[in-house]
Amino acid sequence: MATVSHRLHLPGDSPVHRAPAEVKIVCAALTVFAVVATPREIFWPFAVYAVGLVELWRVAHIPLRWITPRLLIELPFVVLAILLPFAAGEPRTTLLGLSLSTTGLYTAWGIIAKGTIGVGISLTVAATTSVRELPGGLSRLHVPGSVVTIVVLMLRYVDVIADEAARMRLARVSRGDDPRTIRQIGATARGVGSLFLRSYERGERVHLAMLSRGFTGTITDFGTPSATRGQWLVACIPAFAAVGVCVGAWVAR
């Protein structure tokens, strides 16, 4: 796994990249919990979160042109959120000539704001943490070995499965098929089933190869040292700040 590099990983030598993986995982989880717990009726905390996240990207040398397209993964949730002000009930308010639900507006705002910041935090961790660092970080957080193995192998082979799906789609198109039409839904379903079977068989072969090479059920962490107390304190400053903003929002509510 020494040469493995995931598509979401952006190699670098910033302080964020050098922070131990377990520290980044804990800080990201703590920050996300703080963002989710922030009352959606108050707007200024989310501006603070956004500014802090952009500043973290600057420190980590993550360009906006790299992170912005990857934020589009939340687009289906944004579409759902936009529909809520029209579907929710009373009370209602008028905005741009439209009668919209006040509860729906707050709900939509909460989904978009919290979802965008949460996805941004997750992408930051993925961009600054390589697959090589993950096993040791998760193990030092006392995550069960089977879960560590599943996560690491999933990240390792998700691109392989995606490439396999792309080749299958190209084969269909080259034979005159159009996967975008509704009449081809049967062929699409069969293709999904075939992809599942191929993935399952590939997993069995990979597992057998790992066992033949002495795999004992635990992913090697390559001897990465544990985080020091100083690293924990420094790296968790953004997370502590997020918790402080959340508490301040509840106090000011």
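Now for a quick tour of the structure. (Residues numbered from 1 in each chain as written. Predicted model: local features only at pLDDT ≥ 70, side-chain atom pairs only at ≥ 80, totals over all residues. Heavy atoms only, no water.)

All right, on to the overall build of the protein then. Helices and strands together make up the secondary structure of the protein, namely 11 helices and two strands. The N-to-C order of helical and strand elements in the protein reads α-α-α-α-α-β-β-α-α-α-α-α-α. Expressed along its principal axes, the backbone C-alpha trace of the protein runs to roughly 65 × 60 × 30 Å. Burial status across the protein gives 33% buried among its 253 residues. Contacts in the protein between residues at least 24 apart in sequence constitute 74% of all its contacts with a sequence separation of at least 6. Total accessible area computed for the protein in this model is approximately 15300 Å², and 69% of it derives from carbon and sulfur atoms. One finds the centroid of the 25 positive side-chain charges in the protein at a distance of 3 Å from the centroid of its 15 negative side-chain charges. (Helix = DSSP H or I, 4+ residues; strand = E, 2+ residues; numbered from the N terminus. Buried < 20%, exposed > 50% of the residue type's maximum accessible area, 1.4 Å probe, protein only. Contact = heavy atoms within 4.5 Å. Areas by Shrake-Rupley, 256 points an atom, 1.4 Å probe, with all protein chains shown as cover. Lys, Arg positive; Asp, Glu negative; His and termini not counted. Charge placed at Lys NZ, Arg CZ, Asp CG, Glu CD.)

Attention now goes to the packing of aromatic side chains. Counted according to the given criterion, the structure contains four aromatic pairs. When the ring of Phe 46 is compared with that of Tyr 49, the centres are 6.1 Å apart and the planes differ by 75 degrees; the resulting orientation is edge-to-face. Of this pair, Phe 46 and Tyr 49 are both found in helix α3 (residues 44-59), three residues apart, which corresponds to roughly one turn of the helix. Accessibility assignment for this pair places Phe 46 and Tyr 49 in one class, buried. (Phe/Tyr/Trp six-rings, centres within 6.5 Å; stacked < 30°, edge-to-face > 60°.)

Bringing the packing of helix α2 (residues 21-37) against helix α6 (residues 102-128) into the picture now. Taken N-terminus to C-terminus, the directions of α2 and α6 make an angle of 175 degrees; their axes are 10 Å apart at the nearest point. On the basis of their axis angle, the class for α2 and α6 is roughly antiparallel. Contacts between α2 and α6 pair Lys 24, Ala 28, Thr 31, Val 32, Val 35 and Val 36 from the former with Lys 114, Ile 117, Ile 121, Val 125 and Thr 128 from the latter. Classifying every residue of the contact of α2 with α6 by side-chain character gives seven nonpolar, two polar and two charged. (Axes fitted to C-alpha atoms, helices over the stretch in contact; angles between N-to-C directions. Parallel < 35°, antiparallel > 145°, perpendicular 65-115°, else oblique. Nonpolar A, V, L, I, M, F, W, Y, C, P; charged D, E, K, R; others polar.)

Note that soluble globular proteins tend to have their nonpolar side chains buried in a common cluster. Tyr 49, Ile 62, Trp 66, Ile 67 and Ile 117 are the most contacted members of the largest nonpolar core, which totals 24 residues. Of all the elements in the fold, those that place two or more residues in this core are α2, α3, α4 (64-70), α6 and α11 (237-252). Core analysis: the second largest hydrophobic core is formed by five residues, Cys 27, Ala 227, Cys 236 and Ala 239 among them. (Core = buried A, V, L, I, M, F, W, Y, C linked by side-chain atoms within 4.5 Å.)

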